[in-house]
Amino acid sequence: MTTNRTFTMIKPDAVQNGHIGSILAKITESGFKIIAMKYTRLSKETAGQFYAIHKERPFFGELVDYMSSGPIVAAILEKNDAVAGFRKLIGATDPTKAEPGTIRALYAKSIAANAIHGSDSDANAAIEGDFFFSMLERF
Ligand code: UDP
Ligand code: MG
């Protein structure tokens, strides 16, 4: 099944290292339209809620600390087959395994500080977009 929308976050390491502009350029040059976007910061509590699906994983505590360590950019993106297309554009979770030219290959520091998030399914894209944006913030 294809979808038109996905959700992304430019993570704290990429914001801290000055990559917001380059990453947004790559996203829009790849044909994604920005439907909603905000510069914000997660608390430990909201980072834990966002990643609740991973709460039993060994890296959960580290992930919550890292994701609340600095500002992020959250956005809803639109393109035909958005979820799969965006996962291809960002590359593998571990940047040493990400295809050359992908956002994680270019900008990620480590498997934890891996520059960017991309939803893994249509259902999660909708849930994650709803987590950050109210109806009035979209168009
Ligand atoms: N992560 C980590 N260690 C791991 C696997 C994942 O710190 O061994 C972090 C990493 O920031 C990753 C996030 O947890 O992006 C969510 O993990 P997931 O397996 O969903 O990877 P993704 O969907 O982001 O590629
Ligand atoms: Mg994931």
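Residues numbered from 1 in each chain as written. Chains lettered and ligands numbered in written order. Predicted model: local features only at pLDDT ≥ 70, side-chain atom pairs only at ≥ 80, totals over all residues. Heavy atoms only, no water.

Student: An account of the overall build of the protein chain is needed here, citing residue identities and associated values.
Tutor: The helix and strand inventory of the protein chain stands at seven helices and four strands. Starting at the N terminus and ending at the C terminus, the protein chain contains elements arranged as β-α-α-β-α-α-β-α-α-β-α. Relative to a compact globule of 139 residues, whose C-alpha radius of gyration would be 14 Å, the protein chain shows 14 Å and is just as compact. In terms of its C-alpha atoms, the protein chain occupies a principal-axis envelope of roughly 35 × 35 × 30 Å. Of all 139 residues assigned to the protein chain, the portion counted as buried reaches 45%. Within the protein chain, residue pairs in contact and separated by at least 24 positions form 78% of the contacts whose partners lie at least 6 positions apart. Accessible area of the protein chain: about 7400 Å², with a carbon and sulfur share of 55%. Looking at charge distribution, the protein chain has the averaged site of its 16 positive side-chain charges lying 3 Å from that of its 15 negative ones. (Helix = DSSP H or I, 4+ residues; strand = E, 2+ residues; numbered from the N terminus. Rg over C-alpha atoms; globule rule 2.2 N^0.38 Å. Buried < 20%, exposed > 50% of the residue type's maximum accessible area, 1.4 Å probe, protein only. Contact = heavy atoms within 4.5 Å. Areas by Shrake-Rupley, 256 points an atom, 1.4 Å probe, with all protein chains shown as cover. Lys, Arg positive; Asp, Glu negative; His and termini not counted. Charge placed at Lys NZ, Arg CZ, Asp CG, Glu CD.)

Student: Pulling in residues and values, what's your account of the pattern of salt bridges?
Tutor: Tallied over the full model, the rule gives five salt bridges. The partner of Asp65 in a salt bridge is Lys44, and the shortest N-O contact between them spans 3.0 Å. Of this pair, Asp65 sits in helix H4 (residues 60-67) while Lys44 sits in helix H3 (residues 44-50), and the two are 21 residues apart along the sequence. Between Asp94 and Lys97 there is a salt bridge, and its shortest N-O distance comes to 3.6 Å. (Salt bridge = Lys/Arg side-chain N within 4 Å of Asp/Glu carboxyl O.)

Student: Can you explain the site of ligand 1? Please cite residues and give values.
Tutor: Surrounding ligand 1, one finds Lys11, His54, Arg57, Phe59, Leu63, Arg87, Thr93, Arg104, Ile111, Ala112 and Asn114. Between an oxygen atom of ligand 1 and a side-chain N or O atom of His54, the distance comes to 3.1 Å. A total of 500 Å² of accessible area belongs to ligand 1 in isolation, and the protein chains cover 83% of it. The cavity that encloses ligand 1 is the largest pocket. Grouping the constituent residues of the shell around ligand 1 by class yields four nonpolar, three polar and four charged. (Near = heavy atom within 4 Å. Polar contact = N/O pair within 3.5 Å; in protein donor to acceptor, adjacent residues only side chain to side chain. 1 Å grid on protein atoms, 1.4 Å probe; cavity = no way out; pocket = protein on both sides within 12 Å on 5 of 7 lines; lining within 4 Å. Sits in = over half its atoms within 2 Å of the grid points. Nonpolar A, V, L, I, M, F, W, Y, C, P; charged D, E, K, R; others polar.)

Student: Help me get a handle on the layout of surface pockets, residues and values and all.
Tutor: Of the pockets and cavities examined, the largest pocket occupies roughly 610 Å³. Together, 24 residues line the largest pocket, and Tyr51, Ile53, His54, Leu63 and His117 are the ones closest to its centre. If you list the elements that add at least two residues to the lining of the largest pocket, you get H3, H4, strand S4 (116-118) and helix H7 (122-132). The element that contributes the greatest number of residues to the lining of the largest pocket is H7, accounting for four residues. Tallied by class, residues from the lining of the largest pocket come to nine nonpolar, eight polar and seven charged. (Points joined across faces, edges and corners; volume = space filled by probe spheres on them.)

Student: Outline the side chain of Asp13, supporting the account with residue identities and numerical values.
Tutor: Assignment of secondary structure puts Asp13 in helix H1 (residues 12-16). Buried and unpaired, Asp13 has no salt bridge, with Lys109 as the nearest side chain of opposite charge at 6.8 Å. The contact partners of Asp13, leaving out residues within four places of it in the chain, are Tyr66, Tyr107, Ala108, Lys109, Ala113, Asn114 and Ala115.

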